[in-house]
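# Coordinate analysis (summary)
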Amino acid sequence: MNVKGYRIQRCPFSLKGGTKMDIAFITTLFTIGFIGAFISGMIGIGGAVINYPMLLYIPSLVGVMSLTAHEVSGIGAIQVFFATLGGVWAYRKSGLLNKALIIYMGSSILLGSVLGSYFSHYISEKGINFIYGILAILAVILMLIPKKGQEHSEDKEVIFNKWLASSLAFIIGGVSSVLGAGGAFILVPFMLSILNIPVRITVASSLAITFLSSIGATVGKVITGQVLFVPALVLMIASLIASPIGASVGQKVNTKFLQWVLAQLIGATAIKIWLELL
């Protein structure tokens with residue numbers, strides 16, 4: 001596959017002619033997908049912020065296969081779709097899915113993600129990594145900003161600036177979909193710090209919003225030929241298993257701990273990607 005002059009060497013799964021699948025590569029992909037999806041469900045992110053660097057570096061590190069940035073972003077889009085679907089399913093009866101947030105932010109992020117993922121095939125691999133690095137740093141900064149400390153209350157209405165929420169969602173969807181990401185790793189800090197949404201509602205609702213974003217990202221990546229379907233299928237299976245488990249754990253974990261875990265994970269991935277770029 002050629003992407004703006006860049007030759008992308010496909011892994012054996014994408015070749016025709018009955019090439020035998022490598023069990024070590026399948027196991028590696030499944031493990032990465034399981035870890036990413038578990039974190040996705042627990043913290044309320046799509047998993048791409050974790051899976052992107054793991055898929056980019058771990059397979060080649062353990063000597064099973066190497067994937068390009070475009071291949072990783074395409075596979076990631078499929079993984080995020082199923083990871084967030086599993087997470088939303090787990091939260092469906094929790095009462096934490098805020099319909100207004102999902103409608104306003106979900107519709108905007110869907111439109112932005114379709115556009116961003118479609119035009120991503122014009123961006124070089126280094127450019128994709130650069131975008132990841134910028135978004136990861138921004139997410140860490142937002143997570144370090146002191147929060148107003150809202151906690152969820154059953155009888156308290158969630159009030160937010162609808163135009164601001166929609167605008168932020170559109171921008172986040174457009175930029176993050178370049179990575180095949182749903183945008184939750186940057187969406188969650190924005191919802192907590194700028195929109196001042198209670199933590200548990202943010203975690204649950206961001207999964208639904210990211211699910212809509214992943215639909216747009218998947219469509220754009222598939223149309224432009226950036227998806228390797230068999231590796232994506234492996235991650236899909238892992239996601240459907242691990243995401244509901246993570247979501248169940250997330251409903252029982254202290255909210256401050258959830259924020260701390262999210263900040264640590266994003267910070268670690270930001271450092272890793274910038275070490276590669278510099």
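Definitions and cut-offs
Residues numbered from 1 in each chain as written. Predicted model: local features only at pLDDT ≥ 70, side-chain atom pairs only at ≥ 80, totals over all residues. Heavy atoms only, no water. Core = buried A, V, L, I, M, F, W, Y, C linked by side-chain atoms within 4.5 Å. Buried < 20%, exposed > 50% of the residue type's maximum accessible area, 1.4 Å probe, protein only. Helix = DSSP H or I, 4+ residues; strand = E, 2+ residues; numbered from the N terminus. Contact = heavy atoms within 4.5 Å. Phe/Tyr/Trp six-rings, centres within 6.5 Å; stacked < 30°, edge-to-face > 60°. Lys NZ or Arg CZ within 6 Å of the ring centre and 35° of its normal. Axes fitted to C-alpha atoms, helices over the stretch in contact; angles between N-to-C directions. Parallel < 35°, antiparallel > 145°, perpendicular 65-115°, else oblique. Left-handed = near helix turned anticlockwise from the far one by under 90°. Nonpolar A, V, L, I, M, F, W, Y, C, P; charged D, E, K, R; others polar. pLDDT = per-residue confidence, 0-100. Patch = residues over 30% accessible without salt bridge, like charges linked within 9 Å, V, L, I, M, F, W, Y side chains within 5 Å. Areas by Shrake-Rupley, 256 points an atom, 1.4 Å probe, with all protein chains shown as cover. Salt bridge = Lys/Arg side-chain N within 4 Å of Asp/Glu carboxyl O.

Core analysis: the largest hydrophobic core is formed by 42 residues, its most contacted members being Tyr52, Leu55, Ile75, Tyr132, Leu179 and Phe185. At the level of elements, α1 (23-43), α2 (48-61), α3 (69-91), α5 (125-144), α9 (229-250) and α10 (255-277) are the ones that each hand at least two residues to this core. Among the elements that take part in this core, α2 stands out by supplying eight residues, more than any other. Excluding its chain neighbours within four sequence positions, the residues that come into contact with Ile75 are Leu55, Leu67, Gln226, Leu228, Pro231, Ala232 and Leu235. Counting residues in each nonpolar core, the second largest holds 30 residues, with Ile102, Val158, Met191 and Ala208 among its members.

Among the structural elements, Ile50 can be located in helix α2. Here Ile50 falls in the buried class, since its relative accessible area comes to 6%. Taking C-alpha positions, Ile50 is 9.1 Å from Ala37, a pair spaced 13 residues apart along the chain.

Before going further, it helps to examine the packing of aromatic side chains. This structure, assessed with the given rule, holds five aromatic pairs. Between Tyr118 and Phe119, the aromatic rings sit 5.2 Å apart at their centres with planes inclined by 85 degrees, giving edge-to-face as the arrangement. Taking relative accessible area as the criterion, Tyr118 reaches 34% and is therefore assigned partly exposed. Linked through ring pairs, Tyr118, Phe119 and Tyr122 together constitute an aromatic cluster. Above the plane of the ring of Phe160 lies Lys162, whose end atom (NZ or CZ) is 5.2 Å from the centre.

Interaxial distance between α3 and helix α8 (residues 199-223) falls to 8 Å at its minimum, and their mutual angle equals 150 degrees. Here α3 is positioned roughly antiparallel relative to α8, judged by the angle of their axes. For the pair α3 and α8, the crossing hand works out as left-handed. Between α3 and α8, the contacting residues are Ser73, Gly74, Ala77, Ile78, Val80, Phe81, Thr84, Leu85, Gly87, Val88 and Tyr91 on the first element and Val203, Ala204, Leu207, Ala208, Thr210, Phe211, Ser214, Ile215, Ala217, Thr218 and Lys221 on the second. Of the residues assigned to the contact of α3 with α8, the class counts are 14 nonpolar, seven polar and one charged.

Let us now look at helix α7 (residues 184-193). Within α7, nine of the ten residues are buried, leaving the element largely enclosed by the surrounding structure. Among the residues of α7, Ala184, Phe185, Ile186, Leu187, Val188, Pro189, Phe190, Met191 and Leu192 are the ones counted as buried.

Looking at the chain, pLDDT values average 78 and 83% of them are 70 or higher. Highest mean pLDDT in the chain belongs to helix α4 (residues 99-119) (91); lowest belongs to strand β2 (residues 6-7) (40). Note on residues 1-20: pLDDT under 50 across the span, and 40 contacts to partners over four residues away in sequence or across chains.

This part covers the environment of Ser113. Relative to the elements of secondary structure, Ser113 occurs in helix α4. In this structure the C-alpha to C-alpha distance between Ser113 and Thr218, which are 105 residues apart in sequence, comes to 8.8 Å. Not counting residues up to four positions away in its chain, the partners in contact with Ser113 are Gly173, Gly174, Ser177, Leu212, Ser213, Gly216 and Ala217.

Here the focus is a nonpolar patch on the surface. A cluster of nonpolar side chains, namely Leu111, Leu115, Tyr118, Phe119, Tyr122, Phe170, Ile171, Val175, Val219 and Ile223, defines an oily patch on the protein surface of about 910 Å² accessible area. Every element with two or more residues in the nonpolar patch is listed here: α4, α6 (162-176) and α8. A per-element tally of the nonpolar patch places α4 first, with four residues. Within the fold, Phe170 resides in helix α6. Assessed through its relative accessible area of 35%, Phe170 is described here as partly exposed.

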